[in-house]
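Analysis of the macromolecular model
Here are the chains, one letter per residue:
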Amino acid sequence: MDFKQIEAYVKVVEFASFSKAAEAIFLSQPSVSIYVSALEKELGQALINRTTKGVSPTLAGKIFYENAKEILALKHNTIERIRNLAGNLSGEISILASTVPSQYILPEILARFSKIYPDISFNVRQGDTLKVSRGIAAQEAEIGFSGGIIESDKCSFREFMSEEIIFIAPYQKEFLEPREHSLEELLYKHPFVSRESGSGTKSEYENFFASQGVDLSQVNSSASFDNTQSIINAVISGLGVSVVSEFAARAFIAQNMIVPLKLKAKLPQRKFCYVLKKNFSHSHLVDLFVEFLNAK
């Protein structure tokens, strides 16, 4: 068993195609087929179902695929560590982050990190908290960032900062009076603009609403959006009230485009976590970045 065989197999599974896998690793299709067949012979198990409708991993193939990706990651990390022994740290860190960290927190953190390590770059993709958890578990990125915690036997969530979540309303006369509002008044009498299912923010505020005796089935939901900026724009336009990240709302409050509302029951702080795959050999660049996060 060698690395070329393992890489060929992983690509066949990922592309569900021998021909596309061959293109991705610049080999001929017969060569990829030979590599996979050699693996199956050595392991004594069929790893790929070959049918007229396509290819897919067998049960043994699925188990081997997960371990094969870890083998390739360990190879890559080892090579990078050796190359960087001279102290010339360089390379790329892949990140999967939920909306608020991606748009409002990471840009500033990455800028500060890059001043110290200018030759390390980042590839940042966005998804909700659930997608972050699943993506890190599936090794779609090296490190994740989320505004919520999901119980997982494959990922660890570690808090690195927190913030306030706030209730916002359109900049209209009825909301400008400086008084405290009850949750029932805001949620039962006004349309509510919500986040999509899977959002860390939504999970935080719904748990809080329920703890305060709010009947979620009675909330008048006017719309749901999959990103914070769309929610803020909807509130500005008068579609309803909502709960958002204070980081995200700050600039719009300063410009008198939305109003932060005072509540009789204070909203809880929201924790932000970085997410890592458990029992996995992370690259030295990720270790360096995590050390930087923990030192904040």
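Notes on the structure in this doc start here.

1. Digging into the packing of helix α1 (residues 3-15) against helix α3 (residues 29-43)
- At a minimum axis separation of 9 Å, α1 and α3 run at an interaxial angle of 105°. In terms of their interaxial angle, α1 and α3 are classed as roughly perpendicular. Residue-level inspection shows Lys4, Gln5, Ile6, Ala8, Tyr9 and Val12 of α1 in contact with α3, the latter providing Val32, Tyr35, Val36, Ala38, Leu39 and Glu42.
- Its residues assigned to classes, the contact of α1 with α3 comprises nine nonpolar, one polar and two charged.

2. Looking at the packing of helix α10 (residues 228-236) against helix α11 (residues 246-254)
- At a minimum axis separation of 10 Å, α10 and α11 run at an interaxial angle of 35°. For the crossing formed where α10 meets α11, the hand is right-handed. Residues Thr228, Gln229, Ile232 and Ile236 of α10 form the contact with α11, whose own contacting residues are Ala248, Ala249 and Phe252.
- A per-class count over the contact of α10 with α11 returns five nonpolar, two polar and no charged.

3. Quick look at the side chain of threonine 129
- By the secondary structure assignment, threonine 129 is in helix α6 (residues 129-137).
- Relative accessible area serves as the criterion here: at 2%, threonine 129 is assigned to the buried category.
- Excluding anything up to four places from it in sequence, threonine 129 contacts Ser98, Ser146, Gly147, Gly148, Ile150, Gly198, Ser199 and Gly200.

4. Section: the environment of alanine 68
- Tracing the backbone through its elements, the reader meets alanine 68 in helix α4 (residues 59-83).
- Given the relative accessible area of 0%, alanine 68 is considered buried.
- For alanine 68 and tyrosine 9, which are 59 residues apart along the polypeptide, the C-alpha to C-alpha distance reads 8.4 Å.
- In this structure alanine 68 touches Ile6 and Val10, once residues within four positions along its chain are discounted.

5. Considerations on the layout of surface pockets
- Of the pockets and cavities examined, the largest pocket occupies roughly 860 Å³.
- Elements with a contribution of two residues or more to the lining of the largest pocket: α1, α4, β3 (91-97) and α12 (284-294).
- Here the residues of the lining of the largest pocket sort into 11 nonpolar, nine polar and 10 charged.
- Approximately 210 Å³ is the volume found for the second largest pocket.
- Going through the elements one at a time, α9 (200-211) and β12 (269-277) are the ones with two or more residues in the lining of the second largest pocket.
- Here the element with the most residues in the lining of the second largest pocket is α9; it accounts for five residues.
- A per-class count over the lining of the second largest pocket returns four nonpolar, nine polar and two charged.

6. Here we look at the nonpolar core
- Counting residues in each nonpolar core, the largest one holds 25 residues, and the members touching the most others are Ile93, Ile95, Ile143, Phe145, Phe160 and Phe289.
- For this core, the element with the most residues is α12, which contributes seven residues.
- Counting 20 residues, the second-largest nonpolar core is a separate cluster that includes Ile25, Val32, Leu39 and Leu47.

7. Details of empty space enclosed by the protein
- A complete count under the given rule lists one cavity of 30 Å³ or more for this structure.
- Lining the largest cavity are Ser98, Thr99, Val100, Asp128, Thr129, Arg195, Ser199, Gly200, Thr201 and Arg270.
- Counting residues per element, the ones that place at least two in the lining of the largest cavity are α5 (99-116) and α9.

Quick notes on the rules
Residues numbered from 1 in each chain as written. Predicted model: local features only at pLDDT ≥ 70, side-chain atom pairs only at ≥ 80, totals over all residues. Heavy atoms only, no water. Axes fitted to C-alpha atoms, helices over the stretch in contact; angles between N-to-C directions. Helix = DSSP H or I, 4+ residues; strand = E, 2+ residues; numbered from the N terminus. Parallel < 35°, antiparallel > 145°, perpendicular 65-115°, else oblique. Contact = heavy atoms within 4.5 Å. Nonpolar A, V, L, I, M, F, W, Y, C, P; charged D, E, K, R; others polar. Left-handed = near helix turned anticlockwise from the far one by under 90°. Buried < 20%, exposed > 50% of the residue type's maximum accessible area, 1.4 Å probe, protein only. 1 Å grid on protein atoms, 1.4 Å probe; cavity = no way out; pocket = protein on both sides within 12 Å on 5 of 7 lines; lining within 4 Å. Points joined across faces, edges and corners; volume = space filled by probe spheres on them. Core = buried A, V, L, I, M, F, W, Y, C linked by side-chain atoms within 4.5 Å.

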